[in-house]
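Close look at the chain arrangement
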Amino acid sequence: MLRDQRRIVPMKLRRLWSRLAMTVGVLLYASGCFPRRLYFRKGHPLRAETQLSKVDESLYSRQLYVLGVGAQLKLQKARVLVIGDNPVGIETAKNLILAGAGAVHLSPGERQSLPQSPEDHSNSMLRGMLPNLNPYVEVRVYNHSVGISNYSVVIVTSGSTGARIRINRECRRLGACFVSGEAHGLFCEAFCDFLDKFVVYDQDGEKPRELAVVSVTNPPDSEVITVQTSSRHKLNIGDYLTINSNHGRWRVLEIMNPYSFQMEPAANTKEFRPERGDFIYQVKMPKCLRFLPLECRLKDPGDFLETGVFGGVEKVSSLVVHCGFQALNTLESHLAKHSNPDVEQFERFLQETRFHLSSLREKHRFVSQEFDFEARHVLWGILRGAWSDIPPITSFLGGFLAQEALKAISRKFTPLQQWMLLSAPECLPDLAPPTCREIRIVNFSEPELISSNLSAPETSGPPVKRQKLASKYMGQKRAFGDEIQRRLGESSVFLVGAGAIGCEMLKIFAQMGIGTSSKGGSIHVTDMDTIERSNLNRQFLFRPKDVGSFKAKVAAEAACALNPDVNIKAYTERVGPETEHVFSANFYKNLSLFISALDNVQARVYLDDTCLLFKKPMIDAGTQGSKGSTQSVIPHLSENYAAQQDPPGEGVPMCTVKNFPFLAEHTIQWAKEWFVELFQVNVKEGRKFLKSPEEFIRSVESGLEEKGGDDRAQSVLKSLIPLEYSYKGSIMWGIDRFREEFAEKIFSLLSTFPPDLQTDQGTSFWSGTKRVPRALSLNVSDPMQLRFIRASARIISQARGIDIPKHDEALVTEVVRERQGFQNSSTNTDPILQLRNLAKSTFDVERDLREVEFDKDNDSNFQMDFITSAANLRARNYRIREATDLEAKQIAGSIIPAIATTTALVSGLACLEIYKLLQNKSLSSYRNNFVNLALPLLAASEPAPPKRSPGSNYTIWDHIECQGRTIKDLSLELSQKHGWTLDMVSCDNALLYATFFPLEKRNIRYTMPLTQLLQEVLGKEKARSMWENGRFFLFCLFLFFFRGLVFEVSVSVSVYVYVCLCVSPTSWLPRHPTS
């Protein structure tokens, strides 16, 4: 007994000592004094959260298509320190946490932004949200500064220039990458230093090209080869290629046209030449980059990454803005942060900016000693916005800095070299900068700073009274004034889409104060989708507990938490013709702005049509991976969204997909179509058969002579045979499908087109991209075959209501082993006879067939297992590269790659346009943006003006009111007022009248009352519904042909004009509108 006690006591002491040591280690680690690996043993929960060996594909699925699995694994092991808990630092940390960095620590910097109002708690709310954004990320928010050791990337968003230089030096000593960012109102800049040797393994992030060789021109006395491909090669001069994945290296020498190019051997390829039918694969080559420290780049900035239009770069040098930032840092102690700048401070600021410009190296020396009006306007905007946080700029810079940190960690994408500058003075009110008095010319060769001689400036007259800004939205009020802030609060915005961009927009709206006024301001947000787990990686307003809830409602609640003053209403309806009773004319008339955060073109076009009808502005934003774009649609000033269309994508002929595939994309597309055929189309036919077998058989018999009768019979047989309603029967059904598609149909194709078949030109039929297929035999030792049969069995069991055992792998293997030597269960007898035999069987009503809806994100339904295994088995038929699970999921599910950094940046650029709309700026102030953070690239252009009709000044934004009650009246009125000859009239895609109609029909419709004509063509219910929803006259889009002389040649020019029919409701429809 005593002996047992002696053994227990030391054990308790050891446990107590172990816990004490762990507690001390955690405290020391929190202070940043010791590296993590000394205090967290392998298997510790904190270590397991950050150093993952696997990637959670259900969470990071959209991001993996941007970064890749390898880069994501590197990211999960990285440790990032963000110095500066200002809005830019919080935004940067948020994006890194969503991306899945191993550890993200946030500490205060040396200098803060303007003090936060007690009423404005959005930043503190965002700071409190950080630890809950991603369970895999170790998030720590410090109230004190910490050491920068043991971090792979250090990001500085707050602090003086001297402090940033010191941190940069320490980062270089420790071998850590350094990223710096700074924002002053509507101006921001970023800097990167990734050490002396930084290797990038993928410069653009694009998928390597895979091309099939159609023809080769190989001169015997030259090493240069001309290659023609089956599709657009999209290669550039200098790209490296390989033949069939393993035959040497080639380099692109010259681009001949989109389908052909010249290449030369790069190394060890003289003994091999490509032939027709070979495959060319693009090879990503690493590139070594050299960076200079911040101290050197301040003296010699080099080139700036900038949009080219923002800030009027053609008018104001980027060096002026850059040196203006340096002047702010120098004069920090002499400027009153908490008040609007006065003339005296502007004088000091201009002198200090001149000094920094003159101190640059000779090749960057600023020639002029005086600033013109544009430069003074920009510098005045910098000074007014000094240390102010504008929410769109904060979102933009936070996304950009986080993306550069991801590049430093993953070595993927080209990093910034080394300065980025964004300035948006076109958003500022059109106020002239203050006129400065005569300024003494200073000898710029003096080493001392100018500010040292301006500590006690001479002033005349009473001191200038400075306005204290201790209110909410302090930064915006300082940059724009109270009037613009009032307009923001009274704005009524309609946000369509509450996904990744929608969440960012709502966050920015809440920080800007949009819709906070009690005088009609509001935010309306709608989205019909529900939250999925994959959304949590980018849509930061959602939490795991919200999965399954409507996006719009959860996002609206989160926005209200950020700013309780916001008046927001959430909808769960889709914006389209079917919901015009919800989003009616009265709803649209009260709106100030449309925001499009949609993911498809069709919905954007409908929203664009609505903007045209109600003459409302629209801002559209979209992203795809590291790319993003924004477009501003301004009534009467710019063209509408649908005026320009993207070029159509490269389509694949159906015969290629079905019989002659040569790329992995073809096999995946075929597998997705086969899934729809088996589990949706065939199931529909099977349900018709079960409902009325005899009637279905009669319809099949009558259709046998026509095309499709035999296909319908086979659809039913595939969905109902074998008759054994058990999981074993489902496995046998999967084996039958395997043999039918991967063996029997291959034999049938080869019997039609034998391997030695010759064309009429004497060439082999199976040449070029046509690859001779081979049949597969059932093999129980092949994991891919077992995966396909198991997935097929589980899906058909779900469709037929068959119970699935929990552990079915052994049963699948056993049945496959038994059926290896047997033929298919179904025989090739008369399909009508098989249907009649099937009709005599008894079916359980409770086990009726159910269609299987495709769900790419649910791994438990085995649908992606079916598509991936079917695609790879077909790839083996044709000796094609097999696809990975991620690749198959992206193509089959039409997944758009996405990452939080691009979303935040694009949302910021889009929201900048709101400031311009509220000030009724001219067209030259608006911007359409395109970004590609992988390069990186920032490009902007002015929106194009709307096209005007020839012979008149009308655009698509103009509406013409007519009183006519018949087509004849309309024709006479338009002819008398505008000189137009009416040839065609349409309404809601229905053709009402055209001169090419038969004479009798044309005469009848020409004099028929429009009320009767519209009800006859559109239908009474549709016409009544359109009127009740306030859209009847607005959707009347008429097409006229203007005949006249253009360049002395008689032509007919089509002119689209909206015609509003001004008639009484009682004369149009039998009842009055309800709304």
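Residues numbered from 1 in each chain as written. Predicted model: local features only at pLDDT ≥ 70, side-chain atom pairs only at ≥ 80, totals over all residues. Heavy atoms only, no water.

Quick word on the overall build of the protein
Spelled out, the test is: By definition, any uninterrupted DSSP run of H or I lasting at least four residues is a helix, any uninterrupted run of E lasting at least two residues is a strand, and each is numbered from the N terminus. Each residue gets one of three labels from its accessible area relative to the maximum for its type: buried under 20%, exposed over 50%, partly exposed in between, using a 1.4 Å probe on protein chains only. Residue contacts follow a heavy-atom distance rule, with two residues in contact if any of their heavy atoms lie within 4.5 Å. Note on areas: these come from Shrake-Rupley sampling with a 1.4 Å probe, and a residue is covered only by the protein chains present in the view.
On a plain count of helices and strands, the protein comes out with 33 helices and 29 strands. Counting over 1075 residues, the protein shows a buried share of 55%. Of the contacts made within the protein by residues no fewer than 6 positions apart, 74% connect residues no fewer than 24 positions apart. If you sum the accessible surface of the protein, you get close to 48100 Å²; carbon and sulfur atoms cover 52% of it.

Examining helix α23 (residues 727-752)
The condition is simple: Any helix carries an expected span of 1.5 Å times its number of residues minus one. Fitting axes to the seven residues that end at a residue and to the seven that start at it, the angle between those axes gives the bend at that residue.
Here α23 is 26 residues long and its end C-alpha atoms lie 36 Å apart, about the 38 Å a rise of 1.5 Å per residue gives. At E740, α23 shows its maximal kink, close to 35°. Where burial is concerned, most of α23 is hidden: 19 out of the 26 residues are buried.

Here's the deal with the packing of helix α27 (residues 863-877) against helix α28 (residues 885-892)
What counts, and what does not: Simply put, an axis is a line fit to the C-alpha atoms, just over the touching stretch for a helix, and the angle between two N-to-C directions goes from 0 to 180 degrees. For classification purposes, an angle smaller than 35 degrees is called roughly parallel, one larger than 145 roughly antiparallel, one from 65 to 115 roughly perpendicular, and anything else oblique. Residues were grouped as follows: Ala, Val, Leu, Ile, Met, Phe, Trp, Tyr, Cys and Pro as nonpolar; Asp, Glu, Lys and Arg as charged; and all remaining residues, including Gly, as polar.
Direction vectors running N to C along α27 and α28 enclose 105°, while the axes themselves pass 10 Å from each other. Taken together, the axes of α27 and α28 lie roughly perpendicular to each other. Every residue of α28 that contacts α27 at M864, I867 and T868 is listed here: D885, A888, K889 and A892. The class makeup of the residues in the contact of α27 with α28 is four nonpolar, one polar and two charged.

Remarks on the packing of aromatic side chains
Applied cut-off: Under the pairing criterion, centres of Phe, Tyr and Trp rings, with the six-membered ring standing for Trp, must be within 6.5 Å; the plane angle then separates stacked pairs below 30 degrees from edge-to-face pairs above 60, leaving the rest tilted.
Within the structure shown, the criterion is met by 44 aromatic pairs. Measuring from centroid to centroid gives 5.6 Å for F675 and F854, while their planes differ by 65°, and the two rings are edge-to-face. Residue F675 is located in helix α20 (residues 664-691), and its partner F854 is located in the loop between α26 (831-839) and α27; the two are separated by 179 residues in the primary sequence. The exposure class of F675 is buried, given its relative accessible area of 0%. Owing to a relative accessible area of 23%, F854 belongs among the partly exposed residues under this scheme. These aromatic residues form a ring-pair network of at least three members: W670, W674, F675, F679, W733, F738, F742, F788, F854 and F866.

A closer look at the nonpolar core
Defined as follows: Residues belong to a common nonpolar core when they are buried Ala, Val, Leu, Ile, Met, Phe, Trp, Tyr or Cys residues joined through side-chain atoms within 4.5 Å.
Judged by nonpolar contacts, the single largest core of 160 residues is most densely connected at L186, M420, L506, F509, L541 and I914. Ranked by residues supplied to this core, first place goes to helix α29 (residues 900-918) with eleven residues. Contacts of L506, omitting those with residues within four sequence positions, involve L495, I523, V525, L541, A555, A556, A559 and I568. Core analysis: the second largest hydrophobic core is formed by 42 residues, W733, A793, V815 and V852 among them.

A closer look at a negative patch on the surface
The test is simple: Every patch collects residues that have over 30% relative accessible area and no salt bridge, joining them within 9 Å if they carry like charges and within 5 Å if they are nonpolar side chains (Val, Leu, Ile, Met, Phe, Trp, Tyr). Salt bridges, as used here, are contacts in which a Lys or Arg side-chain nitrogen is within 4 Å of a carboxyl oxygen on Asp or Glu. Only four residue types enter the tally: Lys and Arg on the positive side, Asp and Glu on the negative side, with His and both chain ends excluded. For this purpose, a charge sits on NZ of Lys, CZ of Arg, CG of Asp or CD of Glu.
Judged by side-chain charge, D529, E532, D599 and D855 come together as a negatively charged surface patch. With respect to the helices and strands, E532 occurs in the loop between β18 (522-526) and α16 (551-562).

Things to note about the pairing of strand β27 (residues 990-994)
Rules: Two strands qualify as a pair provided that DSSP identifies no fewer than 2 bridges between them.
Of all five residues in β27, four are buried, a share of seventy percent or more. Pairing geometry for strand β26 (residues 981-987) and β27, over four bridges, is antiparallel. Looking across to β27, one finds that M984 is bridged to A994.

Some points on the pattern of salt bridges
Tallying each qualifying case throughout the model produces 41 salt bridges. The salt bridge involving E138 is made with R140; its shortest N-O contact spans 3.2 Å. A relative accessible area of 16% places R140 in the buried class. The salt bridge partner of D808 is R790, with a shortest N-O separation of 2.9 Å. On the criterion of sequence distance, the pair formed by D808 in the loop between α24 (783-800) and α25 (809-819) and R790 in helix α24 is long-range, its members being 18 residues apart.

Focus on unusual backbone geometry
Note that the residue after Q417, namely Q418, is joined by a cis bond; omega there is -15°. Looking at where Q418 falls in the secondary structure, it is placed in the loop between α12 (391-410) and β16 (419-423). Here the residue pair L935 and P936 is connected by a cis peptide bond, since its omega of -10° sits within 30 degrees of zero. Mapped onto the secondary structure, P936 falls in the loop between β23 (928-932) and β24 (937-941).

Description of the sheet that holds β18
Read from one edge of the open sheet, eight strands run β19-β18-β17-β20-β21-β22-β23-β24, paired in mixed fashion. One side of each edge strand has no neighbouring strand; the edge strands of this open sheet are β19 (568-571) and β24. For this sheet, the mean angle separating the axes of adjacent strands, direction not counted, is 10°. Relative to β23, strand β22 (residues 627-633) runs antiparallel, the two being bridged by four bridges.

Quick word on the sheet that holds strand β15 (residues 304-305)
Strand pairing in a sheet takes place through backbone hydrogen bonds and is either antiparallel or parallel in direction. One open sheet holds the eight strands; their spatial order is β3-β2-β1-β4-β5-β6-β16-β15, and the pairing between them is mixed. Strand pairing shows two members of the sheet lacking a second neighbour, β3 (138-141) and β15, which therefore form its edges. Here strand β2 (residues 103-107) runs beside β3; their pairing, made up of four bridges, is parallel. If you follow V104 over to β3, its bridge partner there is V139. Here helix α7 (residues 161-174) sits on the sheet in contact with β1 (79-83), β4 (153-156), β5 (177-184) and β6 (187-193), set at roughly 165° to β5.

Looking at α7
Between its first and last C-alpha atoms α7 spans 20 Å; for 14 residues at 1.5 Å apiece the expected length is 20 Å, and the two agree. Of all the positions in α7, only T161, A163, R164, I165, I167, N168 and C171 are classed as buried. Against the buried residues of α7 lie β1, β4, β5, β6, α8 (294-299) and α9 (318-330). Backbone geometry just downstream of α7 places G175 in the positive-phi region, at approximately 80°.

Quick look at the confidence of the model for the protein
Which entries qualify depends on this criterion: The quantity known as pLDDT measures the predictor's confidence residue by residue, on a range of 0 to 100.
With 79% of its residues at a pLDDT of at least 70, the protein reaches an overall mean of 81. Here strand β28 (residues 1037-1046) stands out as the least confident element of the protein, with mean pLDDT 35; β4 is the most confident, with 98. Note that pLDDT drops below 50 for residues 1-9; the model gives that stretch zero contacts with residues more than four away or on any other chain.

A word on the environment of A405
With respect to the helices and strands, A405 occurs in helix α12. The buried category is assigned to A405, whose relative accessible area is 0%. Once the C-alpha coordinates of A405 and L75 are considered, the two residues, 330 residues apart in sequence, prove to be 9.8 Å apart. Leave out the neighbours within four places in its chain, and A405 touches L96, V153 and I155.

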